[in-house]
Amino acid sequence: MKMDVMNVRRLIPTAVLAGAVALGATALTACSGGGATGGKDGKLGVTASFYPMQFLAEQIGKDHVKVDGLTKPGVEPHDLEITPRQTAQLGEADVILYLKSLQPAVDKAVAQSGVKNVVDAATLTKLEAHASSGHDHGAEEGHAEGEGEGHDHSHGESGTDPHVWLDPAKYAEIAKGVGAALEKADPAHAADYKTNTDELVGKLTALDTEFKDGLKNTASRTFITTHSAFGYLAERYGLDQEGISGVDPESEPSPARMKELQEVAKKENVSTVFFETLASDKTAKVLASDTGLKTDVLDPLEGISDKSQGADYFEVMRSNLKNLQKALGSK
Ligand SMILES: [Zn+2]
């Protein structure tokens, strides 16, 4: 039954474009009830800016929402560009869910979209500034004019770190806010959104406990990573994040920074240099071979692809925990 309705809706816009009037007014009227967007199948249409936002919308909205992701799987989200077509589609969303200051192009498109129901995850928890220890935002100034090759981690005007979803406790706070926003946008299903939110928050709280317990007793508290995305995670569990080059995971760090990191590695008993799945591991390998360290993956979960070490947020986070425990010498 449901499939039939969906198929009819999919067919109509094509038929109209082709100039086929044979369908008649009745079919068009039947379709118009679902709003202008089409294909939503009577559901609440949520457009999510990148994976962690998409995951929240799907987990909390379940059958009542149709979620579209602006950042396609496997795409590094920071430097995402939005096509005019995507901007137009964005305007048709019932709800937009995004994280301001992570993706400048998305911020701009959202501001232009005219959509009333916009949820900025950055307002649902408290964002903080994190320096990637020793090396941080100095190098970013000149970066803005780059060819889009680089990795803009300027973290917004205020210097706040947007990678907040990597702290399960803060991600749970955002989940609660998203749940409340969906309840408001679609009151008919408020009870279900509430139930789903509670369930998700429960799972995130359990994950937080796993991290706390799993990282309690380790030989080292310091980890080195190409992508300084783990400031919130480090702070939550009492670890120190050392970013290799801070801004651009593809660029080689300066000789001075390399020397500094070699000293940190020795002093802090570091065994592993982490790299991420969506960017090159070149820098990590250079540093690791210079210092005799191992390399491993620490996934900032900015997207899920076939290279990810898990199918969703929870699986990848548990893989991150396992890799951190290994690298830090968990007892
Ligand atoms: Zn990032």
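**Regarding the overall build of the protein chain**
Looking only at helices and strands, the protein chain features 11 helices and 8 strands. Put simply, the protein chain has 331 residues, and 51% of those count as buried. Contacts in the protein chain between residues at least 24 apart in sequence constitute 64% of all its contacts with a sequence separation of at least 6. About 15600 Å² of surface is accessible on the protein chain, with carbon and sulfur atoms providing 53% of the total.

**Considering the nonpolar core**
Formed by 57 residues in total, the largest nonpolar core has its most connected members in Val46, Trp165, Phe211, Phe223, Leu301, Tyr313 and Leu324. At 8 residues, helix α11 (residues 313-328) tops the list of elements feeding residues into this core. Not counting residues within four places of it along the chain, the set of residues in contact with leucine 301 comprises Tyr51, Pro52, Trp165, Leu166, Tyr313, Val316 and Met317. Among the nonpolar cores identified, the runner-up in size contains 13 residues, and Ile224, Val273, Ala284 and Leu293 belong to it.

**Concerning the sheet that holds strand β6 (residues 240-243)**
One open sheet holds the 4 strands; their spatial order is β6-β5-β7-β8, and the pairing between them is parallel. This sheet does not close on itself; its edge strands, each paired only once, are β6 and β8 (294-297). Each strand axis lies, on average, 35° off the axis of its neighbour in the sheet, ignoring direction. Sheet topology places strand β5 (residues 222-225) next to strand β7 (residues 272-275); 2 bridges connect them, and they run parallel. Note on β7: the bridge partner recorded for threonine 225 is phenylalanine 274. Its contacts with the sheet place helix α10 (residues 282-291) against β5, β7 and β8, and it is angled at close to 175° to β7.

**What about the sheet that holds strand β3 (residues 95-98)?**
Within a sheet, neighbouring strands are paired by backbone hydrogen bonds and run either parallel or antiparallel to one another. Pairing within the open sheet is parallel, and its 4 strands lie in the order β2-β1-β3-β4. Single-partner strands in this sheet number two, and they are β2 (65-69) and β4 (118-120). If you compare each strand with its neighbour and ignore which way they point, the axes differ by 20° on average. Alignment of β3 against β4, held across 3 bridges, turns out to be parallel. Paired with tyrosine 98 across the bridge in β4 is aspartate 120. Packed on one face of the sheet, helix α3 (residues 51-61) meets β1 (44-48), β2 and β3 and runs near 170° to β2.

**Considering the environment of serine 220**
Checked against the element boundaries, serine 220 lands in the loop between α7 (190-214) and β5. Measuring from C-alpha to C-alpha, the distance between serine 220 and serine 330 comes to 8.4 Å, with 110 residues separating the pair along the chain. Contacts of serine 220, omitting those with residues within four sequence positions, involve Glu268, Asn269, Val270 and Leu328. There is a polar contact of 2.6 Å between the side chain of serine 220 and the backbone oxygen of glutamate 268.

**Focus: the packing of α7 against α11**
The geometry of a pair of packed helices is captured by two quantities: the angle between their axes and the separation between those axes. Their axes nearest at 10 Å, the elements α7 and α11 cross at an angle of 5°. In this view, α7 runs roughly parallel relative to α11, as classed from their interaxial angle. Where α7 approaches α11, its residues Leu200, Lys203, Leu204, Leu207, Glu210, Phe211 and Gly214 are matched on the opposing element by Tyr313, Phe314, Met317, Arg318, Leu321, Leu324 and Gln325.

**With respect to the confidence of the model for the protein chain**
Mean pLDDT for the protein chain: 82, with 77% of residues reaching 70 or above. With pLDDT under 50 throughout, residues 1-38 is counted as low confidence; its partners more than four residues away or in other chains account for 15 contacts. Within the model, pLDDT remains below 50 along residues 133-157, and this stretch shows 47 contacts once partners closer than five positions in the same chain are excluded.

**Points about the side chain of glutamate 276**
Within the element layout of this structure, glutamate 276 appears in the loop between β7 and α10. One buried charge, glutamate 276, has no salt-bridge partner; the nearest side chain with opposite charge is lysine 307, at 9.4 Å. Polar contacts involving the side chain of glutamate 276 include one to the side chain of histidine 227, which spans 2.7 Å.

**Thoughts on the pattern of salt bridges**
Scanning the entire structure with this criterion turns up 14 salt bridges. Across the salt bridge formed by lysine 170 and glutamate 128, the nearest N and O atoms sit 3.9 Å from each other. Here the residue lysine 170 occupies a position in helix α6 (residues 168-185), and glutamate 128 occupies one in the loop between β4 and α6, the gap between them amounting to 42 residues. The pair formed by lysine 170 and glutamate 128 is uniform in burial state, with each residue classed as buried.

Parameters and conventions
Residues numbered from 1 in each chain as written. Predicted model: local features only at pLDDT ≥ 70, side-chain atom pairs only at ≥ 80, totals over all residues. Heavy atoms only, no water. Helix = DSSP H or I, 4+ residues; strand = E, 2+ residues; numbered from the N terminus. Buried < 20%, exposed > 50% of the residue type's maximum accessible area, 1.4 Å probe, protein only. Contact = heavy atoms within 4.5 Å. Areas by Shrake-Rupley, 256 points an atom, 1.4 Å probe, with all protein chains shown as cover. Core = buried A, V, L, I, M, F, W, Y, C linked by side-chain atoms within 4.5 Å. Pairing = 2+ DSSP bridges. Axes fitted to C-alpha atoms, helices over the stretch in contact; angles between N-to-C directions. Polar contact = N/O pair within 3.5 Å; in protein donor to acceptor, adjacent residues only side chain to side chain. Parallel < 35°, antiparallel > 145°, perpendicular 65-115°, else oblique. pLDDT = per-residue confidence, 0-100. Lys, Arg positive; Asp, Glu negative; His and termini not counted. Salt bridge = Lys/Arg side-chain N within 4 Å of Asp/Glu carboxyl O.

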